[in-house]
Amino acid sequence: MNPIIEFCMSNLANGSEEAFAKLEQDPNLDVLEYGCLSYCSQCAESLFALVNGEIVEADTPEELTKKVYKFIEENPLF
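Residues numbered from 1 in each chain as written. Predicted model: local features only at pLDDT ≥ 70, side-chain atom pairs only at ≥ 80, totals over all residues. Heavy atoms only, no water.

As annotated in an unreviewed UniProt entry, the protein chain is UPF0349 protein ACFO5U_13660 from Planococcus dechangensis. Under the heading Sequence similarities (unreviewed entry), UniProt records this for the protein chain: "Belongs to the UPF0349 family." (UniProt positions renumbered as here; feature names shortened; annotations may be inferred.)

Participant: Describe the sheet that holds strand 3 (residues 47-51), with residues and values.
Facilitator: Strands sit in the order 2-1-3-4 across an open sheet of four strands; the sheet is mixed. Two strands lie at the open edges of the sheet, namely strand 2 (30-34) and strand 4 (54-58), each paired on one side alone. Each strand axis lies, on average, 30° off the axis of its neighbour in the sheet, ignoring direction. Pairing analysis gives five bridges linking strand 3 to strand 4, with the strands arranged antiparallel. Bridging across to strand 4, V51 finds its partner in E54. Sitting on the sheet, helix 1 (residues 9-24) touches strand 1 (4-8), strand 2 and strand 3, and the angle it makes with strand 1 is about 150°. (Pairing = 2+ DSSP bridges. Helix = DSSP H or I, 4+ residues; strand = E, 2+ residues; numbered from the N terminus. Axes fitted to C-alpha atoms, helices over the stretch in contact; angles between N-to-C directions. Contact = heavy atoms within 4.5 Å.)

Pasting the structure below:
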C-alpha cells in the first residue's frame, strides 16, 4: 500500500501544481487531485496536501515536496 497524497484543485491553482507534478512521478506514491478537500481556510493561507489524511503545509512548492517526503519518512504506514 502506497502513501496517499491528496491535493485540492484550488490549491493547485494557488501554486502547489509543481509539487503535485513532482510527487505524481513517484511510483511509490498515490497522488490524487480533488475539486475540493473542504480545508478552505488552509487553502487560502498556504500550499498544502493531505498525506494519509494529515495536513502538510509549506510556503513554496519545493518546500511542500520536501515536507511530504519527510512526513512519509517519519510516519510510515506499517
